[in-house]
Amino acid sequence: MTNHLKNYRADHKTQNGVTLMGLVVVSALLVVVALVGMKVVPAYMEFLSVKKVLSAMKQEPLDTMSASDIKKSFDKRANIAYISVVKGSDLTIEKTSSGTTVNVEYQVVKPIAGNISVLIDFSTQGDAK
């Protein structure tokens, strides 16, 4: 054999690629990320709906409305937007000389597996302009 062919075989004796154990570990990590994502994404989607409802309420004359009217308006809009995690009674309404501010803060707990859960804190506000 020629010297070139011997060197070629010597260089390619080591195998390249992913081992079975590496494939199992990477697959397990991908499954965990997908599982957490499937649990967390709907909570964020509902939070975006809450923010959208609060910003839509800016079009109403919040300064002239009572606190119960603001809560009823939120409940009607939340019912249309399929928001179930926040009710009008959860709103914090502050009336000041500069305007009316509507705040909402809430937590969502999503079980992942067994006794492992994810806790997500949400907070947003809508100001009357």
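Residues numbered from 1 in each chain as written. Predicted model: local features only at pLDDT ≥ 70, side-chain atom pairs only at ≥ 80, totals over all residues. Heavy atoms only, no water.

Draft legend 1. Broad picture of the nonpolar core. Counting 21 residues, the largest nonpolar core has Leu54, Phe74 and Tyr106 as its most contacted members. Only α2 (20-56), α3 (67-80), β2 (99-113) and β3 (116-127) provide two or more residues apiece to this core. Counting residues per element, this core draws most heavily on α2, at six residues. Setting aside residues up to four positions removed in sequence, Leu54 forms contacts with Phe74, Leu91, Val102, Val104, Thr124, Gln125 and Gly126. (Core = buried A, V, L, I, M, F, W, Y, C linked by side-chain atoms within 4.5 Å. Buried < 20%, exposed > 50% of the residue type's maximum accessible area, 1.4 Å probe, protein only. Helix = DSSP H or I, 4+ residues; strand = E, 2+ residues; numbered from the N terminus. Contact = heavy atoms within 4.5 Å.)

Draft legend 2. Region of interest: the packing of aromatic side chains. Counted according to the given criterion, the structure contains three aromatic pairs. Judged by centre distance (4.6 Å) and plane angle (20°), the ring pair of Phe47 and Phe122 falls under stacked. Note that Phe47 is positioned in helix α2 and Phe122 in strand β3, a separation of 75 residues in sequence. Here Phe47 matches Phe122 in class, with each residue buried. A ring pair is formed by Tyr106 and Phe122, whose centres lie 5.2 Å apart and whose planes are at 35°; its orientation type is tilted. With Tyr106 in strand β2 and Phe122 in strand β3, the pair connects residues that are 16 residues apart, well separated along the chain. Taken individually, Tyr106 and Phe122 each receive the classification buried, so the pair is uniform in this respect. (Phe/Tyr/Trp six-rings, centres within 6.5 Å; stacked < 30°, edge-to-face > 60°.)

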